[in-house]
Amino acid sequence: DDEPADLEIPGHGRYQLGEGRVHVFKRGNLVRRERLDGRPMAIQGADTMWIWEGDNTVPTAFPRRTTAWGWPDSALTQRRGMDDWSGDDFTQPTAAPMPTQFLGRDAWQVELRPPAHKPFPLTLIVDAATGLVLQQRNEGFHSVAEWEELEFNVALADQLFTWEGESQPPPDHRAEH
């Protein structure tokens, strides 16, 4: 295979591990992701999700009710739904949660057992006061999504979670079938 890979797991394939920092603004279920230079990458508003692909200056506007947030930091910005806790896909702890500290906050660390078809467990660090996931890591894959800095009780303007500029509609994949 000629594709670059950071990690190869026999029987599971080759993986390119991405690394990147972004600014995230979160108020309830509203989320804005920006590059460090301030250019938006995605805005998850009340009814619409705007996504900028690559260096595009015009986002694609998706209806929020039919769009899933699929960023590597989704575990930090969205709570897992109740359905996500059924079955065996990282739903069972391997031991009792352990008290810890993260970014100076009281937290709980819990390791979740992988399902039979996945090789490594997932570790979560959860803020004790808010229930916010502060870190999600998979040491076997050398992957980490974590907050590096947090500010609570900060007033965030409504304008952070909307887009007033030009946008394009999502592609109509029904026409392809």
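The structure presented is a predicted model; accordingly, all values stated were derived computationally and were not measured.

The rules behind these values
Residues numbered from 1 in each chain as written. Predicted model: local features only at pLDDT ≥ 70, side-chain atom pairs only at ≥ 80, totals over all residues. Heavy atoms only, no water. Pairing = 2+ DSSP bridges. Helix = DSSP H or I, 4+ residues; strand = E, 2+ residues; numbered from the N terminus. Axes fitted to C-alpha atoms, helices over the stretch in contact; angles between N-to-C directions. pLDDT = per-residue confidence, 0-100. Contact = heavy atoms within 4.5 Å.

(A) Local environment of the sheet that holds strand E10 (residues 122-127). Across the sheet, 5 strands lie side by side as E8-E9-E10-E11-E12; this open sheet has antiparallel pairing. Each end of this open sheet is capped by a strand with a single partner; those strands are strand E8 (98-102) and strand E12 (143-146). Taking the axes of each pair of neighbouring strands and ignoring which way they run, one obtains an average angle of 25 degrees across the sheet. Looking at chain direction, E10 and strand E11 (residues 133-138) are connected through 4 bridges and run antiparallel. Along E11, the bridge assignment pairs Ile125 with Gln135.

(B) Here's a closer look at the sheet that holds strand E7 (residues 60-63). Strand order in this open sheet of 5 strands is E3-E4-E5-E6-E7, and the pairing throughout is antiparallel. A strand with exactly one partner marks an edge of an open sheet, and here the two such strands are strand E3 (23-27) and E7. Going across the sheet, the axis of each strand differs from the next one's by a mean of 10 degrees, ignoring polarity. Relative to strand E5 (residues 40-44), strand E4 (residues 30-34) is paired through 4 bridges, and the arrangement is antiparallel. Note on E5: the bridge partner recorded for Val31 is Gln44.

(C) Molecular detail of the confidence of the model for the chain. Residues at a pLDDT of 70 or more form 85% of the chain, whose mean pLDDT is 83. Per-element confidence in the chain ranges from a low mean pLDDT of 45 for strand E2 (residues 13-15) to a high of 97 for E8. Here residues 3-19 is modelled with pLDDT under 50, and outside its nearest four sequence neighbours on either side it reaches 27 contacts, counting other chains as well.

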